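Below, each chain spelled out in residue letters.
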Amino acid sequence: MAISVQNLIKERKYPFIFSLLALILITSLLLTKTQSPIAFTLGLVQSRSQSTSPSPPPLVQIFPTSNPGPGQPPPVHDPLSWSLCNGAVAADYIPCLDNFKAIKALKSRRHMERKERHCPERSPRCLVPLPRGYRVPVPWPKSRDMIWFDNVPHPKLVEYKKDQNWVRKSGEYLVFPGGGTQFKDGVTHYIEFIEKTLPVIEWGKRTRVILDVGCGVASFGGYLLDKDVITMSFAPKDEHEAQIQLALERGIPATLSVIGTQKLPFPDNVYDLIHCARCRVPWESDGGKPLVELNRILRPGGFFVWSATPVYLNDERHQTIWNSMVALTESICWKVVAKGVDSSGIGLVIYKKPVSSSCYETRKDNIPPMCDQNNGQNISWYTPLDSCLAPLPVDGMGNSYSWPAPWPKRLNSKPPHLSAERDAEEIFYEDTEHWSALVLDVYLEGLAINWSSVRNVMDMNAGYGGFAASLRDMPLWVMNVIPVNGPDTLSVIFDRGLIGIYHDWCESFNTYPRTYDLLHSSFLFKNLTQRCDIIEVAAEMDRILRPGGFVLVQDTVEMINNLTPIFRSLHWSVDLYQEQFLVGKKGFWRPDGRS
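Attention in this report is confined to the structure presented alongside it. The model shown is predicted, which means the values in this text are computed figures rather than measured ones. (Residues numbered from 1 in each chain as written. Predicted model: local features only at pLDDT ≥ 70, side-chain atom pairs only at ≥ 80, totals over all residues. Heavy atoms only, no water.)

1. A look at the overall build of the chain
No. 1: Secondary structure summary: the chain contains 18 helices and 17 strands in total.
No. 2: Here the chain, with 595 residues, has 55% of them falling under the buried criterion.
No. 3: Here the analysis covers contacts within the chain between residues at least 6 apart in sequence; of these, 69% occur between residues at least 24 apart.
No. 4: Of the roughly 26,300 Å² that the chain leaves accessible, carbon and sulfur atoms contribute 53%. (Helix = DSSP H or I, 4+ residues; strand = E, 2+ residues; numbered from the N terminus. Buried < 20%, exposed > 50% of the residue type's maximum accessible area, 1.4 Å probe, protein only. Contact = heavy atoms within 4.5 Å. Areas by Shrake-Rupley, 256 points an atom, 1.4 Å probe, with all protein chains shown as cover.)

2. Some details on helix 9 (residues 289-297)
No. 1: Burial analysis of helix 9 places eight of its nine residues in the buried class, which makes it a mostly covered element.
No. 2: Considered for burial, the residues of helix 9 that qualify are P290, L291, V292, E293, L294, N295, R296 and I297.
No. 3: Next to the buried residues of helix 9 lie strand 4 (209-213), strand 7 (271-277), strand 8 (298-307), helix 11 (316-331) and helix 12 (358-361).

3. A few points about the sheet that holds strand 15 (residues 545-554)
No. 1: Taken together, seven strands build an open sheet; the order of strands is 13-12-11-14-15-17-16 and the sheet is mixed. The strands lining the two open edges of the sheet, one partner per strand, are strand 13 (500-503) and strand 16 (573-577). The average angle at which neighbouring strand axes cross in this sheet is 20°, direction not considered.
No. 2: Bridge count between strand 12 (residues 477-483) and strand 13: four bridges; the pairing is parallel. (Pairing = 2+ DSSP bridges. Axes fitted to C-alpha atoms, helices over the stretch in contact; angles between N-to-C directions.)

4. What about the packing of helix 17 (residues 534-544) against helix 18 (residues 557-569)?
Helices that pack against each other are described as a pair by the angle of their axes relative to one another and the distance between those axes.
No. 1: In contact at an axis separation of 10 Å, helix 17 and helix 18 are set at 55° when each is read in the N-to-C sense. With respect to each other, helix 17 and helix 18 are oriented oblique. The two elements helix 17 and helix 18 meet at a crossing, and its hand is right-handed. Along its contact with helix 17, which presents I534, I535, A538 and M541, the element helix 18 presents M559, N562, L563, I566 and F567.
No. 2: Grouping the constituent residues of the contact of helix 17 with helix 18 by class yields eight nonpolar, one polar and no charged. (Parallel < 35°, antiparallel > 145°, perpendicular 65-115°, else oblique. Left-handed = near helix turned anticlockwise from the far one by under 90°. Nonpolar A, V, L, I, M, F, W, Y, C, P; charged D, E, K, R; others polar.)

5. A short note on the packing of aromatic side chains
No. 1: Applying the stated rule across the entire model yields 23 aromatic pairs.
No. 2: Where F183 meets Y190, the ring centres are 4.6 Å apart and the plane angle is 45°; that geometry is what we call tilted. As far as the burial class goes, F183 and Y190 line up, both buried.
No. 3: Here the aromatic residues W283, F304, W334 and Y351 are joined through ring pairs into a cluster of three or more. (Phe/Tyr/Trp six-rings, centres within 6.5 Å; stacked < 30°, edge-to-face > 60°.)

6. Digging into a negative patch on the surface
No. 1: A contiguous patch of negative charge on the surface is contributed by D423, E426, E430 and E433.
No. 2: Tracing the sequence through the fold places E430 in helix 13 (residues 424-443). (Patch = residues over 30% accessible without salt bridge, like charges linked within 9 Å, V, L, I, M, F, W, Y side chains within 5 Å. Salt bridge = Lys/Arg side-chain N within 4 Å of Asp/Glu carboxyl O. Lys, Arg positive; Asp, Glu negative; His and termini not counted. Charge placed at Lys NZ, Arg CZ, Asp CG, Glu CD.)

7. Focus: the state of the cysteines
No. 1: Following the criterion strictly, the structure yields six disulfides and no others.
No. 2: With a sulfur-sulfur separation of 2.0 Å, C371 is cross-linked through a disulfide to C388. On the sign convention where negative is left-handed, the bridge of C371 and C388, at about 100° about the S-S bond, is right-handed. One end of the pair, C371, is in the loop between helix 12 and helix 13; the other, C388, is in the loop between helix 12 and helix 13, and 17 residues separate them in sequence. Across the pair, exposure class does not vary: C371 and C388 are buried alike.
No. 3: Paired through a disulfide, C506 and C532 show a sulfur-sulfur distance of 2.1 Å. Residues C506 and C532 are joined by a disulfide whose S-S torsion is about -75°; by sign, that bridge is left-handed. Remark: C532 occurs in the loop between helix 16 (525-528) and helix 17 and C506 occurs in the loop between strand 13 and strand 14 (516-522); sequence separation between them is 26 residues. Judged on exposure class, the residue C506 and its partner C532 are both buried.
No. 4: Shown here for the chain is a disulfide pattern of 1-4, 2-3, 5-6, 7-8, 9-10, 11-12, where each number marks a bonded cysteine counted in sequence order. (Disulfide = S-S within 2.5 Å.)

Set out below in structure tokens:
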């Protein structure tokens, strides 16, 4: 028989009633405490995926997460609780490139699919451990020539390339003598040889932004900085052990990427010059798709410098490759404008991309065919490689787009790729002035940032690149990131003589841990909270940032209030300025108690 409260009152069994009420109250309090009040304050959002989280990669333990079902409230997490990633690759963990379960399940590996992005369903919440003996990196410019071995403790490349002078170990340091597979007389001599072979290249004037394919340890890009040239160096992860990690530890721009089955994360027609020195890419494979991809991102009138054995060795095997390259470059209307061999016996050939589509229209065979412009898109993010040629751009009058102004004038000149919409030019110049004033008056003077320790910088929501442009006189470089779900302004950034890349911040970035000194974000997080959890974004920022590095966030009061407890949970020191600028400094703390 059910107990009636009314009968209990009539029978005056008050002790039983009070005990029952106390039990109900205690149960209610216990249920309430199982949910984090901080998580409610943060207003966390539902993950992109509604399915159950997949198993983590076998060598890395992921901080446990759960996904809500359709129509259910977002998951509640305690941002004060962190754990270390563990396993053999934990200290160098790159979530979208180390998803071993996804890589193992690939149906094909013919076109470097295993080196492409395979992100986990949910971004990890673990924090990468520090290598034993890690210390504050060697400062620039000394770091170009030597870095701490314990920061990047990978000795295999030293042994593998010992005869080519890429890198050698000297006591506590890794030393970079400026050699390379094709740089037998040193990289400085090689750079001068290229310009001597084709003087119109004009390093640092006409040629400002270049792409180095299969860059090794990026000495080519590192020494070109002396010529006022900025290089986007890229190579696959672990093609030679940790080469991109070494480049970034040196303070040289670099990113992890591969020409496999998908387009590179760059816009069409933006690089002044593309370079390949024994980069081991079979350009003629898969119907020439790798070279067609380079053609896509090379600026009309731009150059491709190919330094490889088929250029200067005459045996049957090399000549077969050379003949294939001749046929392929002619089919995409590239012309040989220079060819030479230097005193060390190393040779190179320089091709030039046409400035108009007229050559495409007069080819005997329409191979590769012209692309259907109705399917064209400039943002290349998880986009399959083209097997067709896109018509070259023209302005509103039908004229070919002009080459940008010589550097450094091009930095603040009207960009050729600027939108033709009304007021676009006025908005661009206002944006440039805004960032110049903000950086000078606030960022460099009013914030607790030690700029002398900053070398590698990332602008997570770069816009027109105004933040990077305002820092041009500083001894640093900026990776300008354009989120794929926002306005596409990356072509304008390249027109200005700066470098950048597309990315989705709901996923991990293609870089090793501890590779940036400062992360800058201007009004990025509002859009992110509609699609993913900002705690996971914060974990990614912690992964990218070097100990001793800074995070600089400009955002709304509400968003700063949401971010502050997350940053503090990472044991970052946090300061707020003018209620809209949040500065966090990462220390050496890791969740296992080491500091």
